[in-house]
Amino acid sequence: MPALTPSAITTAVEQAVSEASVWDFHTHLYPPAFGTAIGRGVTADPQGLLLWGIDELLTYHYLIAEVLREAAGDGLTAERYYALSKTEQADLIWRKLFVEATPLSEACRGVVTTLTKLGLDPNEATLDGHRRWFAEQSPEEQIDRTLELAGVDTVTMTNDLFDDNERQRWLADPAPLRADPRFPTVLRFDALVTDWEHAVPRLKAWGYDVDRPLSAAAIDEVRRCLSDWITRIGPVYCAMSLPPTWRYPSDDPGVRCLTEAILPVCAEHGLPLALMIGVTRQINPAARLAGDTVGSADVESIALLCRDFPEQRFLVTLLSLENQHELAVTARKFANLTPFGCWWFLNNPSLIEEITRMRLELLGPTFIPQHSDCRVLEQLIYKWDHSRRVIAAVLGDQYAKLAAAGLVVTDSMIERDVQRLLYGNVAGLLQKDT
Ligand code: REL
Ligand code: ZN
């Protein structure tokens, strides 16, 4: 293949990145079998887990945090906001953040990108027309349309053992919940490691004979619980999020649960473990989901865990910007550690650019640049559109530097790398065909 010129490199990278299929490594999205509240032909399930449509897009917790700031001068408080109906909440957010103010933030711009790509006008003064359009779509066709527009092939779910609503659905009938191969499952169980005291009564109520001091018999019961759920939901990996205060090693029952129950079960089933570290939950409880914040994690704890469990594959994302360099360097030391995504407060173009550049320079193509963390289906459209542009710019610069250094940069080289970064690295780690 002929060497590409500098301007041909830019075009080739932009095209390859915009056209590549994505495996989204971490989302909070679900297929319609988990229930949904709206849509043509739907039996409305108000507790349904599939969130989609204009009201959900606007009441995303990122935008709730923003309207609470924007409208604080009008006397809006979290209590007053949550006392409104969902329709009223969405109307308020539209008016305050999109009509009376310019939607300058990344989360606001995301709504603009999403509506435009769906063929809807983001300049409307009210939401009536948008609501009518969404009500006419069936969830199935909206999933197909959204995945097509976003260029996303696979949407990894988060299936939380401690979520009563979701657990009941799995206990009732698991088959339809794991029937759509576009939505692989993930077993998530934060409380086992972050809140053992509260996990104990829950596990007991589910028929697992555990105790607070975590006796050897209780460890066996935690293992039995995890194995039962792995059999029931068939996850592609296990996952947990941890606070910035999390440390390893430690005598803490949560850490013992990790090393004596979770990691042995992951090993037995050949499952990777994802650690999402750096979230302090509910710093502002009144704001509910919008009330979580960020803190710096202890990267040495991750290094020691990777050292002590060399056969275990760890996928790690950290919430604070300050941790990113140390994480990338730690990944150079431990081949069983893969950094993934620019999580939550880092999912902004300026930060994605800095982090992706750093990871590429330190790790080459051996990381997962992004995951969407979407909670609302159509967010896939903007999150991947915005991230792809940044990833293409960073990659393009790196190829240009390589070409200037004397390497023959070709189309097939670019296509191979882009495929790895957006799909193949995830598929390889989860041991699926690429
Ligand atoms: O999976 C998590 O723990 C977090 O990503 C979520 O709790 C968070 O609310 C999410 O919406 C962030 O993007
Ligand atoms: Zn998440």
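Residues numbered from 1 in each chain as written. Chains lettered and ligands numbered in written order. Predicted model: local features only at pLDDT ≥ 70, side-chain atom pairs only at ≥ 80, totals over all residues. Heavy atoms only, no water.

Engineer: Summarise the coordination of the zinc ion (ligand 2); cite the residues concerned and give the values.
Structural biologist: A four-donor tetrahedral metal ideally has 109.5 degree angles, and a six-donor octahedral metal ideally has angles of 90 or 180 degrees. Summarising the metal site, the zinc ion (ligand 2) is bound by the protein donors His26 (NE2), His28 (NE2) and Asp373 (OD), whose distances to it range over 2.0 to 2.2 Å. Counting residues between consecutive donors of the zinc ion (ligand 2) along the chain gives the motif H-x1-H-x344-D. We classify histidine 26 as buried; its relative accessible area is 2%. Classification of histidine 28 by relative accessible area gives buried; the value is 14%. (Donors = N, O, S within 2.8 Å, 3.2 Å for Na, K, Ca; no water. Buried < 20%, exposed > 50% of the residue type's maximum accessible area, 1.4 Å probe, protein only.)

Engineer: Let's hear about the pairing of strand β9 (residues 314-318): which residues, and what values?
Structural biologist: The buried fraction of β9 is high, at five of five residues. In β9, alternate side chains face the same way, and those of Phe314, Val316 and Leu318 on one face and Leu315 and Thr317 on the other are all buried. As paired strands, strand β6 (residues 273-277) and β9 are joined by five bridges and run parallel to one another. Bridge pairing in β9 links alanine 274 to leucine 315. For β9 and strand β10 (residues 337-339), the ladder comprises three bridges, and the chain directions are parallel. Looking at β10, one finds that phenylalanine 314 is bridged to leucine 337. This β-α-β element, β9 to helix α16 (residues 324-333) to β10, shows right-handed connectivity. (Helix = DSSP H or I, 4+ residues; strand = E, 2+ residues; numbered from the N terminus. Pairing = 2+ DSSP bridges. Right-handed = clockwise from strand over helix to strand, strands pointing away.)

Engineer: For helix α19 (residues 411-429), give the residues involved together with the corresponding values.
Structural biologist: The terminal C-alpha atoms of α19, which comprises 19 residues, lie 25 Å apart, in line with the 27 Å expected from a rise of 1.5 Å per residue. Remark: the principal bend of α19, roughly 60°, maps to arginine 420. Taken residue by residue, α19 has Met413, Ile414, Asp417, Val418, Leu421, Leu422, Tyr423, Gly424, Asn425, Val426, Ala427 and Leu429 as its buried positions. (Expected span 1.5 Å × (residues − 1). Bend = angle between axes of the 7 residues up to and from the residue.)

Engineer: Mind laying out the site of ligand 1, listing which residues take part and the relevant values?
Structural biologist: Ligand 1 sits among His26, His28, His61, Tyr62, Arg188, Met276, Arg281, Trp343, Trp344, Asp373 and Arg375. Between an oxygen atom of ligand 1 and a side-chain N or O atom of arginine 281, the distance comes to 2.8 Å. For ligand 1, an oxygen atom lies 2.9 Å from a polar atom in the side chain of aspartate 373. Burial of ligand 1 by the surrounding chains reaches 98%, relative to a free accessible area of 330 Å². Its residues assigned to classes, the shell around ligand 1 shows four nonpolar, three polar and four charged. (Near = heavy atom within 4 Å. Polar contact = N/O pair within 3.5 Å; in protein donor to acceptor, adjacent residues only side chain to side chain. Areas by Shrake-Rupley, 256 points an atom, 1.4 Å probe, with all protein chains shown as cover. Nonpolar A, V, L, I, M, F, W, Y, C, P; charged D, E, K, R; others polar.)

Engineer: Break down the domain arrangement of the protein for me, with residues and values.
Structural biologist: The domains assigned to the protein are domain 1 (21-33 + 151-373) and domain 2 (34-135). Of note, the centres of domain 1 and domain 2, computed from C-alpha atoms alone, are 28 Å apart. Of the residues lining the interface, 21 residues belong to domain 1; the matching set on domain 2 comes to 18 residues. For the domain 1 and domain 2 pair, buried surface summed over both sides reaches about 1700 Å², with 62% attributable to carbon and sulfur atoms. A per-residue breakdown of the area domain 1 buries against domain 2 is headed by Tyr30, Arg169 and Ala290, which together make up 30% of the total. In this structure, arginine 169 engages aspartate 45 in a salt bridge whose closest nitrogen and oxygen atoms are separated by 2.9 Å. (Domains from an automatic or database assignment. Contact = heavy atoms within 4.5 Å. Buried area = accessible area lost by both parts, 1.4 Å probe. Salt bridge = Lys/Arg side-chain N within 4 Å of Asp/Glu carboxyl O.)

Engineer: Go over the side chain of histidine 371 with me, naming the residues and quoting the values.
Structural biologist: Position of histidine 371 among the secondary structure elements: in the loop between α17 (349-363) and α18 (379-404). Only 3.3 Å separates the side chain of histidine 371 from the side chain of aspartate 373, close enough to count as a polar contact. Not counting chain neighbours up to four residues away, the residues in contact with histidine 371 comprise Asp24, Phe25, His26, Thr317, Phe340, Gly341, Cys342, Trp343, Asn347 and Trp384.

Engineer: Can you tell me about the packing of aromatic side chains, naming the residues and giving the values?
Structural biologist: In total, this model carries twelve aromatic pairs according to the counting rule given. Each ring, one from tryptophan 133 and one from phenylalanine 134, has its centre 4.9 Å from the other, and the planes form 85°; the classification is edge-to-face. In this structure, tryptophan 133 and phenylalanine 134 share a single accessibility class: buried. Relative to tryptophan 344, the ring of tryptophan 343 has its centre 5.8 Å away and its plane inclined at 50°; by these criteria the two rings are tilted. Using a relative accessible area of 2% as the deciding quantity, one classes tryptophan 343 as buried. Judged by relative accessible area, tryptophan 344 falls into the buried class, the value being 10%. (Phe/Tyr/Trp six-rings, centres within 6.5 Å; stacked < 30°, edge-to-face > 60°.)

Engineer: I'd like a description of the pattern of salt bridges, backed by residues and values.
Structural biologist: All told, the structure shown has 25 salt bridges when counted by the stated rule. Between aspartate 74 and lysine 96 there is a salt bridge, with its nearest N and O atoms 2.7 Å apart. Here aspartate 74, found in the loop between α3 (61-70) and α4 (78-83), pairs with lysine 96, found in helix α5 (residues 86-99); they are 22 residues apart in sequence, far enough to count as distant. For lysine 96, a relative accessible area of 9% corresponds to the buried category. Between glutamate 100 and arginine 95 there is a salt bridge, and its shortest N-O distance comes to 3.3 Å.

Engineer: Quick rundown of the pairing of strand β5 (residues 237-242)? Include the residues and the values.
Structural biologist: Every regular strand shows the same layout, with side chains that alternate between the two sheet faces. Most of β5 is tucked away: six of the six residues are buried. Across the two faces of β5 the burial is the same, with Tyr237, Ala239 and Ser241 and Cys238, Met240 and Leu242 all buried. Where strand β4 (residues 186-188) meets β5, three bridges bridge the pair, whose relative direction is parallel. Bridge assignment links leucine 187 to a residue of β5, and that residue is cysteine 238. Bridging between β5 and β6 involves five bridges; their strand directions are parallel.

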